[in-house]
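The residues making up each chain are set out below.
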Amino acid sequence: MEIPNSSSSANKANGAVGGVVDRQVVYVWDLAIRLTHWINVFAILILSLTGYFIYSPFMEGRGEATNQYLMGTIRFVHFATAFVFAVNVLFRIYWSFAGTKYARWHQFVPTSRSRLRGLGRMLRYYSFLRREPPPQVGHNPLAGLAYTAIHILFVIQIFTGFALYSLAYRTGFWPSTFGWVNLLMGTPLVRLVHDIVMWLIIAFTIHHVYSGILLEIEERSGLLGSIVTGYKSLTPNHIYESDTANLPKKKP
Amino acid sequence: MANPEILSDGVWAALERSMTSRTTSRNVSRRKFLRFCSAMTAALALPLSYTTQVVEALEQTRRPALVWLEFQDCAGNSEAALRASHPGFAEIVLDLLSWNYHETVMAPSGKAAEKSLADTLKDEKGKYIAIVEGSIPMANNGIYCTIGGRTALDLAKEVCSNAYATIAIGTCATFGGLPAAEGGITGAVGVGDAIPGLRLLNLSGCPANGANLAATIVHWLTFKELPATDSLKRPLFAHGDRIHDLCPRRPHYDAGQFVRAWGDEGHRLGWCLYQMGCKGPNANYNCPQVQFNDATGWPIGVGHGCVGCASPKFWDTMTPFYRALPSVPGFGAESTADAFGTGAVAVVAGLTAAHAVGSIIRNQGAKSNGQPKAKKTIEPNQTPARPTEE
Ligand code: SF4
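What counts and how
- Residues numbered from 1 in each chain as written.
- Chains lettered and ligands numbered in written order.
- Predicted model: local features only at pLDDT ≥ 70, side-chain atom pairs only at ≥ 80, totals over all residues.
- Heavy atoms only, no water.
- Buried < 20%, exposed > 50% of the residue type's maximum accessible area, 1.4 Å probe, protein only.
- Helix = DSSP H or I, 4+ residues; strand = E, 2+ residues; numbered from the N terminus.
- Pairing = 2+ DSSP bridges.
- Near = heavy atom within 4 Å.
- 1 Å grid on protein atoms, 1.4 Å probe; cavity = no way out; pocket = protein on both sides within 12 Å on 5 of 7 lines; lining within 4 Å.
- Sits in = over half its atoms within 2 Å of the grid points.
- Nonpolar A, V, L, I, M, F, W, Y, C, P; charged D, E, K, R; others polar.
- Phe/Tyr/Trp six-rings, centres within 6.5 Å; stacked < 30°, edge-to-face > 60°.
- Expected span 1.5 Å × (residues − 1).
- Arc of directions from axis to C-beta.
- Contact = heavy atoms within 4.5 Å.
- Axes fitted to C-alpha atoms, helices over the stretch in contact; angles between N-to-C directions.
- Parallel < 35°, antiparallel > 145°, perpendicular 65-115°, else oblique.
- Left-handed = near helix turned anticlockwise from the far one by under 90°.
- Salt bridge = Lys/Arg side-chain N within 4 Å of Asp/Glu carboxyl O.

> Help me understand the pairing of strand E1 (residues 65–70) of chain B in this model?
In summary, the side chains of a regular strand alternate between the two faces of the sheet. All names here are of chain B. Among the 6 residues of E1, 6 are classified as buried, and the element is accordingly described as predominantly covered. Side chains Ala65, Val67 and Leu69 project from E1 onto one buried face, and the interleaved Leu66, Trp68 and Glu70 project onto a second face that is buried too. Inspection of the sheet shows E1 paired to strand E2 (residues 98–102) by 4 bridges, in the parallel sense. Looking across to E2, one finds that leucine 66 is bridged to tryptophan 99.

> Even after reading the chapter, I still don't get the site of the ligand, so can you show me in this structure?
Residues and elements named next belong to chain B. Near the ligand you find His244, Cys247, Arg249, Arg250, Tyr253, Cys272, Leu273, Tyr274, Cys278, Gly280, Pro281 and Ile300, and these make up its full shell. Taking a 2 Å distance to the grid points as the criterion, the majority of the atoms of the ligand fall inside the largest cavity. Tallied by class, residues from the shell around the ligand come to 8 nonpolar, 2 polar and 2 charged.

> Would you take a moment to explain the packing of aromatic side chains for this structure?
Two numbers describe a pair of aromatic rings. These are the distance of the centres and the angle of the planes. Residue and element names in this part refer to chain A. Considering all chains together, one arrives at 35 aromatic pairs over all chains under this definition. Between phenylalanine 91 and tyrosine 94 the ring centres are 5.9 Å apart and the planes differ by 50°, which places this aromatic pair in the tilted class. Note that phenylalanine 91 and tyrosine 94 are positioned in helix H3 (residues 70–98) at a spacing of 3 residues, about one turn of the helix. Exposure remark for phenylalanine 91: the relative accessible area of 33% places this residue in the partly exposed category. Look at phenylalanine 173 and phenylalanine 178: their rings are 6.5 Å apart centre to centre, the planes differ by 85°, and that puts the pair in the edge-to-face class.

> How do you make sense of helix H7 (residues 110–123) of chain B when you look at a structure like this?
Side chains that are three or four residues apart share a direction in an α-helix, a result of its 3.6 residues per turn. All names here are of chain B. Over its 14 residues, H7 runs 20 Å from end to end, which matches the ideal 20 Å to within 8%, given 1.5 Å per residue. Those residues of H7 lying buried are Ala113, Ser116, Leu117, Thr120 and Leu121. What you see down the axis of H7 is that its buried residues fit within an arc of 135°, all on one side. Projecting away from the buried face of H7 at angles above 90 degrees are the exposed residues Lys111, Lys115 and Lys122. Check the buried side of H7 and you find it contacts E1, E2 and helix H8 (152–161).

> For this particular structure, what's the right way to read the packing of helix H2 (residues 31–55) of chain A against helix H7 (residues 187–219) of chain A?
A pair of packed helices is characterised by two quantities: the angle between their axes and the separation of those axes. Residue and element names in this part refer to chain A. Between H2 and H7, the least distance of the axes is 11 Å, while the angle of their chain directions is 140°. Looking at the two axes, H2 sits oblique to H7. Viewed along their axes, H2 and H7 form a crossing whose handedness is left-handed. Within the contact between the two elements, H2 uses His37, Ile44, Ser48, Tyr52 and Tyr55 and H7 uses Asp195, Met198, Trp199, Ile201, Ile202 and His208. Partitioning the contact of H2 with H7 into residue classes produces 7 nonpolar, 3 polar and 1 charged.

> Hey, could you run me through the pattern of salt bridges in this one?
Pairs may arise between side chains of opposite charge once their charged atoms sit close together. Considering all chains together, one arrives at 12 salt bridges over all chains under this definition. Here the salt bridges do not stand alone but share partners, grouping Arg242, Asp245, Arg250 and Asp254 of chain B into one network.

Here's what the structure looks like:
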């Protein structure tokens, strides 16, 4: 995007006519981002429910055990979904190196000075020390960092999960690839970590949905819809500030 | 266990050949001897046809020497091994080997006992089997366990490094066991950690099943080598499969039928003990097949969950024994994963709600200041106005 060298106040003047800001529709989230996001949503939902059941069955198979396969079925669903989830996470990590601009790793790991500065601004915004959320086209730096953390949790979940899965095998791929996790921590601790990380992911989800709604209300950029359509409608200000690397605002 | 009545012809032929051999000169009936051989073949998870080979090998054995050392132990493994009367451990195995030194059971004492140990080390160097029971203390130069003025480590080093092989028996000798549990001050470790580089077999468990010890010895006598092991040096025939996968209560697990309280209806019906803290899903051992006390029972069989006694550091990792998951470290002994997890979610939900209230107040404030936010009145999808130069 070509951004002319001008001050942001000038942009505002140009962009806002009679209180109405011209919006630009920007394609932010490519198809792969959106698909992996929604696969994650449904996988996490299914995995959390079935996983909690495996830990603490809240229903009981009635009648003769011969005719029942309640836990067996739930575990099957858990494992099948786990495979989908694992492949999905793996692909998303790959996509952060091969995907489009806003799918890439620099959206998640703040390395540039501007994104580090944006981190502080977002924190100030969340703690009511700043009125407006700093404009961004893709993820704001704080959200990106949170998604890095959540992906680390995902990877922990995948490793502990497959380590537990490997217990059913005597030899072969699963024990030789993931067996070390059990030996390292002791299997009950692997189960504990697997359980606690589930709760952390649920806690993250609460905040994730909340911050989406909050920023949607603040910015009216179609943030919530963007994860379905891929498009955000952004003010020139947004696009400018985001792409000129969050330079400090100059007061005229 | 294989039934001698259904032994193959080959076995009977071997039996015929052995009629005049040492078997009959023992105090053991040939029927009992054969029963023992077939039971050992079964315990080793070998096809029944191997019974012939086992019978022949045991016929020809020239009574190799064995020494049994005890360190930080309770003699539970000695007890378990010697009381494994079915299938005749005491009668047969004690006869197959020259049991030269074993503090709990040997007749000599004092200097005479030490002499028989020293003689074995000298005369049978590289040929005898060393069995170690109990953990070896490493803290303070190992002063927590000394025998005849020598530390356990010193003794074990001498005896084990001169042996053909060392068998660590019981969870204390294999992985440190109870003396190595959190809070222990003796720096207890298993044999493998105390003396690296030994030809070692870990017969773990609390106690290790005597039948597995007998089977290991039979394997050695028959095939002249130790059985194949897993990554923890435990024999695969005993630790290859998971208890959970062999458990007779497993159909109830799969059906979702769980004991919820001791003595409830599910408990009386023999349902799965997972909710009562059974660690069978984490433990590899052949208890369900070989069982204890003359194969009359085993923990899960009699209604108590598995505690994973054959796993490394089981006293620390498998506790609490009566809960499905361990406590959350650093949050007090009684904190369950559930309480922690729901607590974490509640805290985040609470903070989120508080933040939402804060945001609403802030936006109200902005409105009442008479500064409507320009961006809220926007028509979306308008032609973008590019920033232009001044
Ligand atoms: S009782 Fe224990 S080992 Fe048996 S099925 Fe239940 S959880 Fe598994």
